[in-house]
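# Per-entry structural report
One letter stands for each residue in the lines below.
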Amino acid sequence: MTGDPPAYFERLTKYIAEENIALEYSDEIAPAKGTAVPGKITLLPGQAPAELFSTCGHELAYRAARRAETTKRIRETEAEGVAFVVCSAIGLGTGTASQDYVGLYGRDAKLLVESLEYAQQTASRILTAIAPENSATPA
């Protein structure tokens, strides 16, 4: 991951707070970079700014995922798809990070295609919330 999204990260954390989700940092989740449970996202401290933003976006998408009607594999694929779209849209370089992550869950092209609608809708909500015109914080 490359880039420096400070204003976007600030708006993302504001959006998370507006959604009544607690955002915490903990070394205890390592080796995971982030976790999500209902009402809380936990991030591993010490990540580079672009990686932290991506992890936060992934966990936000995962938290909103369709838990009751999907498997962990589907939720992880969708969450990483959302993180990739959001990061790309604000100009962060993702390299192969998302591709590598999705590969951990089977590199299933059919699954990815089936998940695109959910990923698109979720990414759109996040991007709308963090857009400069929706915030007093400049880009």
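Conventions we followed
Residue positions are counted from 1 within each chain, in the order its sequence is given. Only residues with pLDDT of 70 or above have their local features reported here, since the model is predicted, and side-chain atom pairs are shown and tallied only from 80 upward, although totals for entire chains, interfaces and linings are computed over all residues. For the side-chain quantities, the full set of heavy atoms in the structure was used; hydrogens and water were omitted. Every helix listed is a DSSP run of H or I at least four residues long, and every strand listed is a run of E at least two residues long, numbered separately from the N terminus. Burial classes: relative accessible area under 20% of the type maximum marks a residue as buried, over 50% as exposed, and values in between as partly exposed (1.4 Å probe, protein chains only). Contacts between residues were defined by any pair of non-hydrogen atoms, one from each residue, lying within 4.5 Å. By this rule the span expected of a helix is its residue count minus one, scaled by 1.5 Å. At least two bridges found by DSSP between two strands are what make those strands a pair. Orientation is described by axes fitted as lines to C-alpha atoms, over the contacting stretch for helices, and by angles from 0 to 180 degrees between their N-to-C directions.

## Details of the overall build of the chain
Secondary structure summary: the chain contains 5 helices and 3 strands in total. Mapped from its N terminus to its C terminus, the chain presents α and β elements in the order α-β-β-β-α-α-α-α. Among the 139 residues that make up the chain, the fraction classed as buried is 42%.

## Digging into the side chain of Thr122
One can find Thr122 in helix 5 (residues 109-130). Under the relative-accessibility criterion, Thr122 is labelled buried at 4%. Look past the residues within four positions of Thr122 in its chain and what remains in contact with it is Ala61 and Val82.

## With respect to helix 3 (residues 72-89)
Here helix 3 is 18 residues long and its end C-alpha atoms lie 26 Å apart, about the 26 Å a rise of 1.5 Å per residue gives. Of all the positions in helix 3, only Arg75, Glu76, Thr77, Glu78, Ala79, Glu80, Gly81, Val82, Ala83, Val86 and Cys87 are classed as buried. Of the residues trailing helix 3, Gly91 is marked for its positive phi of about 90°.

## What about the sheet that holds strand 2 (residues 34-37)?
Taken together, the 3 strands give an open sheet; going across it, the order is 1-3-2, and neighbouring strands pair in mixed fashion. Looking along the sheet, the strands with just one partner apiece sit at the ends: strand 1 (22-25) and strand 2. For this sheet the average axis-to-axis angle between neighbouring strands, irrespective of direction, equals 15°. Two strands pair when backbone bridges link them, and strand 1 and strand 3 (residues 40-43) are joined in this way by 4 bridges, in the parallel orientation.

Purely spatial values, then, with no claim about function.
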